[in-house]
Amino acid sequence: MATATSTSFTHVQRVRLLYKTILRIHRGLPLEIKAIGDQYVKDEFKRHRKCQPHEINPFMTGWVDYAVTLSKQLSVSQLKKKSPILGRHLTQEELETFKDDQVYQLHELMQEATKPKVESDSVIPTKL
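Parameters and conventions
- Residues numbered from 1 in each chain as written.
- Predicted model: local features only at pLDDT ≥ 70, side-chain atom pairs only at ≥ 80, totals over all residues.
- Heavy atoms only, no water.
- Helix = DSSP H or I, 4+ residues; strand = E, 2+ residues; numbered from the N terminus.
- Areas by Shrake-Rupley, 256 points an atom, 1.4 Å probe, with all protein chains shown as cover.
- Phe/Tyr/Trp six-rings, centres within 6.5 Å; stacked < 30°, edge-to-face > 60°.
- Buried < 20%, exposed > 50% of the residue type's maximum accessible area, 1.4 Å probe, protein only.
- Patch = residues over 30% accessible without salt bridge, like charges linked within 9 Å, V, L, I, M, F, W, Y side chains within 5 Å.
- Salt bridge = Lys/Arg side-chain N within 4 Å of Asp/Glu carboxyl O.
- Lys, Arg positive; Asp, Glu negative; His and termini not counted.
- Charge placed at Lys NZ, Arg CZ, Asp CG, Glu CD.
- Axes fitted to C-alpha atoms, helices over the stretch in contact; angles between N-to-C directions.
- Parallel < 35°, antiparallel > 145°, perpendicular 65-115°, else oblique.
- Left-handed = near helix turned anticlockwise from the far one by under 90°.
- Contact = heavy atoms within 4.5 Å.
- Nonpolar A, V, L, I, M, F, W, Y, C, P; charged D, E, K, R; others polar.

Q: It is not clear to me how the overall build of the protein chain should be interpreted in this structure. Could you clarify?
A: Looking only at helices and strands, the protein chain features 6 helices and 0 strands. Start at the N end of the protein chain and walk to the C end: the helices and strands fall as α-α-α-α-α-α. Accessible surface computed for the protein chain: about 10800 Å², of which carbon and sulfur atoms make up 58%.

If you want it as structure tokens, here you go:
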């Protein structure tokens, strides 16, 4: 029986597989980070649904690299550490390739990720 390779999938199938894989990897993140990450991934994939042909390869490559890096960081050996490191710093060269709206979006993501934690017990919703 032959095994499926990435060349036997259509472009849409590859994108969907990558999208689902990333969301599955996010299950290993702390809940607050998972919520931010899931929403960001959903928004990015939705925004790029009808991207230009020259944007497809960098988009897919970037997200595959993200998935591989995060899966390594969430591996059992890494999680045994007291404070596992998640993510990585962007190089100056990488930052220079970003469009203005991407830099703004990255800044917003950083602000959201570094917000002080709000205790969920201190905010009790009331029904009127």
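Read on, since the account is not over.
Q: Where do I start with the packing of aromatic side chains in this structure?
A: Note on aromatic pairs: each is described by the distance of the centres and the angle between the planes. Scanning all chains against the criterion turns up 6 aromatic pairs. Relative to Tyr 66, the ring of Trp 63 has its centre 5.2 Å away and its plane inclined at 80°; by these criteria the two rings are edge-to-face. Taken together, the positions of Trp 63 and Tyr 66, both in helix H3 (residues 53-73) and 3 residues apart, correspond to about one turn of that helix. We classify Trp 63 as buried; its relative accessible area is 10%. Given the relative accessible area of 30%, Tyr 66 is considered partly exposed.

Q: How should a positive patch on the surface be read in this particular structure?
A: Taken together, Arg 16, Lys 20, Arg 24, Arg 27, Lys 46, Arg 49 and Lys 50 make up a surface patch of like positive charges. Take the positive patch: its biggest share by element is 3 residues, from helix H1 (residues 11-26). With respect to the helices and strands, Arg 27 occurs in the loop between H1 and helix H2 (31-47).

Q: Teacher, can you tell me more about the packing of H1 against H3 here?
A: Orientation of H1 relative to H3, taken along the N-to-C sense of each, is 30°, at an axis distance of 10 Å. Relative to H3, the element H1 lies roughly parallel. At the point where H1 passes H3, the crossing takes the left-handed sense. Across the interface between the two elements, His 11, Arg 14, Val 15, Leu 18, Ile 22, Ile 25 and His 26 of H1 pack against Ile 56, Met 60, Trp 63, Val 64, Tyr 66, Ala 67, Leu 70 and Ser 71 of H3. Its residues assigned to classes, the contact of H1 with H3 shows 11 nonpolar, 3 polar and 1 charged.

Q: Would you take a moment to explain the side chain of Asp 38 for this structure?
A: Mapped onto the elements, Asp 38 comes out in helix H2. Beyond its immediate sequence surroundings of up to four residues, Asp 38 is in contact with Leu 23 and His 26.

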